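Geometric and topological summary
What follows is the residue order along each chain.
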Amino acid sequence: MPANKTALVISAHAADFVWRCGGAIALHAALGYDVTVLCLSFGERGESAKLWKQEGMTLDRVKDARRAEANRAAEKLGVHDLVCLDLGDYPLELTREDKNSVVEVIRKVQPRFMLSHSKYDPYNTDHMYATQVALECRTIAQAWGHNPGEKVLGAPQLYLFEPHQTEQMCWKPDTFLDITPVWDKKRAAIECMEGQEHLWEYYTRVAINRANHFKRIRWPVRWTGLQIRRRLRVDLPAYRR
Ligand SMILES: [Zn+2]
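Residues numbered from 1 in each chain as written. Predicted model: local features only at pLDDT ≥ 70, side-chain atom pairs only at ≥ 80, totals over all residues.

Side chains of residues three or four places apart in an α-helix project in the same direction, reflecting 3.6 residues per turn. Helix length check: helix H1 (residues 16-30), at 15 residues, gives a terminal C-alpha distance of 20 Å against a target of 21 Å (1.5 Å per residue), a fit within 8%. Approximately 75° is the largest bend angle found in H1, and it occurs at Gly22. Along H1, 13 of the 15 residues are buried, which leaves the element largely enclosed by surrounding structure. With its phi angle positive at about 100°, Gly32 sits one or two positions after the end of H1. (Helix = DSSP H or I, 4+ residues; strand = E, 2+ residues; numbered from the N terminus. Expected span 1.5 Å × (residues − 1). Bend = angle between axes of the 7 residues up to and from the residue. Buried ≥ 20, exposed ≤ 12 C-beta atoms within 10 Å, placed from the backbone.)

If you want it as structure tokens, here you go:
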């Protein structure tokens, strides 16, 4: 049983946790959480275009580069443990055995809450598949009949990252985290992703725009906890810090 409060991020590819929840990771790490990041793949085929343009590039070299970037970024964010399962991408596909590996990580971490991708993402099916995996493996981790004798999982809330093209993914924010105190850490982690330099400014702008949104609706945000509980009554148990 972990001594500290814990959280688990399930990231389809090695860089996703940085763009999509780097601030949440750094913020919770600063609050004393042990945040584990589970990367299902390195994004070696589908999210490493810059590396593939180099002469003589191979799949293994791309994976090594993406792993090194993810390690550096995780360090900047204060990640407690970075687990890379190397399950392949584009497409990401898990066997039953692979899912058992994910369940093993979930049970080991015993997260207070989890984070993964949006449920719908026709532009990046690996992302929505990762969320399906997160939901499925969370359920398996809660089953007393799965590897009897192990500590079963409680009921951690699953939060969904803001996707790349928000409106196209039918995604609306209902939980805001002010990451101002840790923005420098997120930006430093973003800059570790040398293979996707074209996204550095893009995700900086996303953060600025979302902060502007937050400022304009500050009062209702006081009721975020209430909204979460009401919305999820038919979905998942509420997460309370
Ligand atoms: Zn991705």
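That covers the picture; the talk isn't over yet.
Right, let's get into the confidence of the model for the protein chain. The predicted model of the protein chain averages 88 in pLDDT, with 89% of residues at 70 or higher. In the model, residues 220-241 has pLDDT below 50 throughout and makes 20 contacts with residues more than four positions away in sequence or in other chains. (pLDDT = per-residue confidence, 0-100. Contact = placed C-beta atoms within 7 Å.)

Strand pairing in a sheet relies on backbone hydrogen bonds, with the paired strands running either antiparallel or parallel. Taken in spatial order, the 5 strands of this open sheet run S3-S2-S1-S4-S5, and their pairing is parallel. Unpaired on one side and paired on the other, strand S3 (81-84) and strand S5 (157-160) mark the two borders of the sheet. Each strand of the sheet is rotated relative to its neighbour by a mean of 20°, with strand direction disregarded. As paired strands, strand S1 (residues 6-11) and strand S4 (residues 113-116) are joined by 3 bridges and run parallel to one another. By the bridge assignment for S4, Leu8 is matched with Met114. Across the sheet, helix H3 (residues 59-77) is in contact with strand S2 (34-39) and S3; its angle to S3 comes to roughly 160°. Most of the contacts of helix H5 (residues 125-141) go to S4, to which it runs at about 155°, and overall it touches S1, S4 and S5. (Pairing = 2+ DSSP bridges. Axes fitted to C-alpha atoms, helices over the stretch in contact; angles between N-to-C directions.)

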